[in-house]
Amino acid sequence: MDRLDRAALRRFAVKLRFDYLWPEQVQALVRAALLELGIGDGPPSSLSRLQRVTPGDVAAVVKRCRLVGGARSAEAFALMLREEIELKGEGAARPIGF
């Protein structure tokens, strides 16, 4: 929201800010995703080192697993999640448009 124009913000009656998941939330979401994919392992401890995780990151990995496979273990899923997060970059804003 910090990057939005103040005039544009006035046009929204409700303003919500979504932040990154807390480590406990990442663990719970990945546990549910692993169960959904039929991967019996619990969430690996390496998840605690991940930062800037969103529900969309986990959903993207689940979709990728369904389409092309690749996660046969919790560690493989965690690696795919790390790669997904790295695709976001360092959070530097890029201009939109021309």
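Above this text sits the structure in question.
As the structure is a computational prediction, the values presented were derived from the model and not from experiment.

What counts and what doesn't
- Residues numbered from 1 in each chain as written.
- Predicted model: local features only at pLDDT ≥ 70, side-chain atom pairs only at ≥ 80, totals over all residues.
- Heavy atoms only, no water.
- Axes fitted to C-alpha atoms, helices over the stretch in contact; angles between N-to-C directions.
- Helix = DSSP H or I, 4+ residues; strand = E, 2+ residues; numbered from the N terminus.
- Parallel < 35°, antiparallel > 145°, perpendicular 65-115°, else oblique.
- Left-handed = near helix turned anticlockwise from the far one by under 90°.
- Contact = heavy atoms within 4.5 Å.
- Buried < 20%, exposed > 50% of the residue type's maximum accessible area, 1.4 Å probe, protein only.
- Lys, Arg positive; Asp, Glu negative; His and termini not counted.
- Salt bridge = Lys/Arg side-chain N within 4 Å of Asp/Glu carboxyl O.
- Expected span 1.5 Å × (residues − 1).

## What to know about the packing of helix 3 (residues 55–68) against helix 4 (residues 74–86)
Link 1 in the chain: Helix 4 packs onto helix 3 with a crossing angle of 125° between their chain directions and a minimal axis gap of 9 Å. Taken together, the axes of helix 3 and helix 4 are oblique relative to one another. Helix 4 is crossed by helix 3, and the crossing has right-handed handedness. Facing helix 3, whose interface residues are Asp57, Val58, Ala60, Val61, Val62, Arg64 and Cys65, helix 4 presents Phe77, Met80, Leu81, Glu83, Glu84 and Ile85.

## A few points about the side chain of Glu84
Link 1 in the chain: Residue placement: Glu84 occurs in helix 4.
Link 2 in the chain: Within the buried set, Glu84 has no salt-bridge partner at all; the shortest N-O distance to an opposite charge, 4.1 Å, is to Arg64.
Link 3 in the chain: Apart from residues lying up to four places away in sequence, Glu84 is in contact with Asp57, Ala60, Val61 and Arg64.

## What about helix 4?
Link 1 in the chain: In a regular helix each residue adds 1.5 Å, so 13 residues correspond to 18 Å; helix 4 covers 18 Å between its end C-alpha atoms and thus fits that length.
Link 2 in the chain: Within the span of helix 4, buried status applies to Ala74, Ala76, Phe77, Ala78, Met80, Leu81, Glu84 and Ile85.
Link 3 in the chain: Of the surrounding elements, those touching the buried residues of helix 4 are helix 2 (23–37) and helix 3.

## Focus: the pattern of salt bridges
Link 1 in the chain: Scanning the model with the defined rule gives 3 salt bridges in all.
Link 2 in the chain: Among the ionic pairs, Asp57 bridges to Lys88, the shortest N-O distance being 2.8 Å. Here the residue Asp57 occupies a position in helix 3, and Lys88 occupies one in the segment after helix 4, the gap between them amounting to 31 residues.
Link 3 in the chain: Residue Arg64 pairs with Glu83 through a salt bridge whose shortest N-O separation is 3.2 Å. Highlighted residues: Arg64 in helix 3 and Glu83 in helix 4, separated in sequence by 19 residues.
Link 4 in the chain: On the basis of relative accessibility, which here comes to 35%, the residue Glu83 falls in the partly exposed class.

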